[in-house]
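Now for the letters of each chain:
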There are 2 protein chains.
Amino acid sequence: MVTVCSGGTGTPKLLAGLTDVFDPADMTVVGNTGDDAFVGGALVSPDCDTVLYERAGRLDRETWWGQAGDTFETDDAAVELAEALDDALSATEPPPDTAARPGGYLPPERQTAGPRLARWRRFDGVGGPLSIGDRDRAVHLVRTALLDAGHSLTSATRALARAYDLTVDLVPMSDDPVATLIHTPEMDRPLHFQEYWVGHRGDVEIDGVEFRGSATAAPGAAVPDALGEPVVIGPANPVTSIGPLTAIDGIRRALQDTPVVAVSPFVGREAFSGPAADLLAATGHEPSTAGVADCLPFVDGFVIDDDEPATLDRPTVRTDLRIDAAADASRIARACRDCLAGVGATEVAA
Amino acid sequence: MVTVCSGGTGTPKLLAGLTDVFDPADMTVVGNTGDDAFVGGALVSPDCDTVLYERAGRLDRETWWGQAGDTFETDDAAVELAEALDDALSATEPPPDTAARPGGYLPPERQTAGPRLARWRRFDGVGGPLSIGDRDRAVHLVRTALLDAGHSLTSATRALARAYDLTVDLVPMSDDPVATLIHTPEMDRPLHFQEYWVGHRGDVEIDGVEFRGSATAAPGAAVPDALGEPVVIGPANPVTSIGPLTAIDGIRRALQDTPVVAVSPFVGREAFSGPAADLLAATGHEPSTAGVADCLPFVDGFVIDDDEPATLDRPTVRTDLRIDAAADASRIARACRDCLAGVGATEVAA
């Protein structure tokens, strides 16, 4: 048995290799839900969705989000209509009570007015940071329908995974709302992660990262058992892909108590993808493999690049960390297995 | 100035004629919202939508709902996924807390858990009675975004109408939730109108019609002024298209105080479309023009068919009520104008 903690890009790219090296029937993937967003009333769970679509062979592998070959009829029509509305609202007589235009994150006073899971992650369905394809939207509507029918997010996520014939067990980190918020001196309110990363392309000054809700959130229903097994963390952004997990007490403690290996998302100062460097720097860590190790003290061993200049105070296994083809993912997955064996996890091989 | 009270089929079919005979710039259309439904978190307003699309030249005139040439990618994918889920949910281990499947009207205890406007009209976004096209859905998302931004339903509806360049003023009957519920001995809960009519094709025994919320609902922001003008009611179902309006005290009183003419939706015992006959019978009225007159006591004059066998106790104007072409709608609209003049409304002609 092995458990994989996943964000939305690096770890999903490694999954094809991990399922080569470990038996997928004995693998649980715990997805970060700090990036989740309620968009137009439906719960989008980007990291779990990417794992779901990747494993189901439906992922758009150009973008690493959404479904391959999806259409965007609703999104396009909503944006077009919102543009026409801008003029219309200006001309409305009598003028509306508020001059508010639709488009994106709801104002702070509305963030807690929706369903509990939507807290601090409520976007309207028009022109927000996330583009939602038409078939992608169906998944969000079905997930939300399952929640409305009384299922936990764990139960809803597992049902979707089974409907898509996944062999791995995919579960969310928590059944409670945790919202990753980026504090910036440029705005009078924190940005939701999706606004920060997709909306602003990460181009804002950061003076803090908050996982709102994490103090009272419990690990997801399937997480305690999953974290009793050896854990692999892919080349994930440690701040906003793994940070939401470790912000939950029960998850942080479980990770301290089980063998954990992580693939560095850096070679030297260069991150493979995403905002890891800025986020590490903003949270007081060096933007490097050493900074990642500093940020994730519970990790027992690291898989680092052949060209990595740093040496760490923990066991390492070196390989080429670039993932261009399936064989790359398999090679890195074997390095993870070797690293786990090196830190005392036994019987993890397929 | 003239005001038109509209349901979802008969009156919209007459609008092309009414805007020939009356100046559309001086016309307000008050749409029934008793059929409205929150579907997957977005407010669908079927009667206002049909007027909106008809006036914008976007209506699917085969079905008289939805946009012409729309696609159904999300709806189709959601239904397909829900079918795959049925097996998946049965196989989920451990079994979910509840065995609830998504699909349609939420259980009674969840009906009041959403936004205020969603009360007693909450459907999940999967396999409910309403098919929602992808571009149609964009309109619902924008409407809901406007509500989330603080607009009243009146303000949101007017903004959509302006964005679609409507010349008539389109407003909802109320900014408060009113839900048309059909009580049937066949079910242990009432059916939402959309379940009754679209879901069950009207094929259930009816022992009562309820307009839940109407006792506390106020007329929409624009309705009192609009109902100070002469009123035309098209060939509408008097029970569920006009009933929700008259269930609101302020609207019923306003209709009593202004000249009102109505086009009969019957010739003899034959309704032109929809469930008018069953609903009249179930509410103690004869399913006929005489029953409609009985049901709408505030109507001052009726436009009835050349072949109508009944005679009424109120002024009537006769014409052929069948609407097959634009000329038919114009002819009936002229009869409405003549009928209004006959009941004392002056200066209503274009």
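Residues numbered from 1 in each chain as written. Chains lettered and ligands numbered in written order. Predicted model: local features only at pLDDT ≥ 70, side-chain atom pairs only at ≥ 80, totals over all residues. Heavy atoms only, no water.

### What about the relation of the copies chain B and chain A?
Relating the two copies of this chain is a rotation about some axis coupled with a shift parallel to it.
Okay, so step 1: Each copy of the sequence occupies a distinct position, and chain B is placed on chain A by a rotation of 180° and an axial shift of 0.0 Å, giving an RMSD of 0.0 Å. Each copy turns onto its partner about a two-fold axis. Of the C-alpha atoms belonging to chain B, the one lying closest to the rotation axis is found on B:G41, 2.1 Å away.
Okay, so step 2: Looking at the interface residues of chain B, 100% of them are also at the interface in chain A, so both copies use one shared face. (Least-squares fit on C-alpha atoms with pLDDT ≥ 70 in both. Contact = heavy atoms within 4.5 Å.)

### Re the sheet that holds strand β3 (residues 37-39) of chain B
Residues and elements named next belong to chain B.
Okay, so step 1: If you trace the three strands from one edge of the open sheet to the other, you get β4-β3-β5, paired in mixed fashion. Edge positions in the sheet fall to β4 (42-44) and β5 (122-123), since each has one partner strand and no second.
Okay, so step 2: Set on the sheet, helix α4 (residues 134-148) makes contact with β3 and β4; between it and β4 the angle comes to about 115°. (Pairing = 2+ DSSP bridges. Helix = DSSP H or I, 4+ residues; strand = E, 2+ residues; numbered from the N terminus. Axes fitted to C-alpha atoms, helices over the stretch in contact; angles between N-to-C directions.)

### Some words on unusual backbone geometry
Residue and element names in this part refer to chain B.
Okay, so step 1: The phi torsion at W120 lies on the positive side, around 65°, for a residue other than glycine.
Okay, so step 2: The topology assignment puts W120 in the loop between α3 (73-91) and β5.
Okay, so step 3: Residue W120 is classed as buried on the basis of its relative accessible area of 19%.
Okay, so step 4: Phi angles above zero are rare outside glycine, and D165 is one such case at about 60°.
Okay, so step 5: For D165, the location among the structural elements is in the loop between α5 (153-163) and β6 (169-172).
Okay, so step 6: Given the relative accessible area of 66%, D165 is considered exposed. (Buried < 20%, exposed > 50% of the residue type's maximum accessible area, 1.4 Å probe, protein only.)

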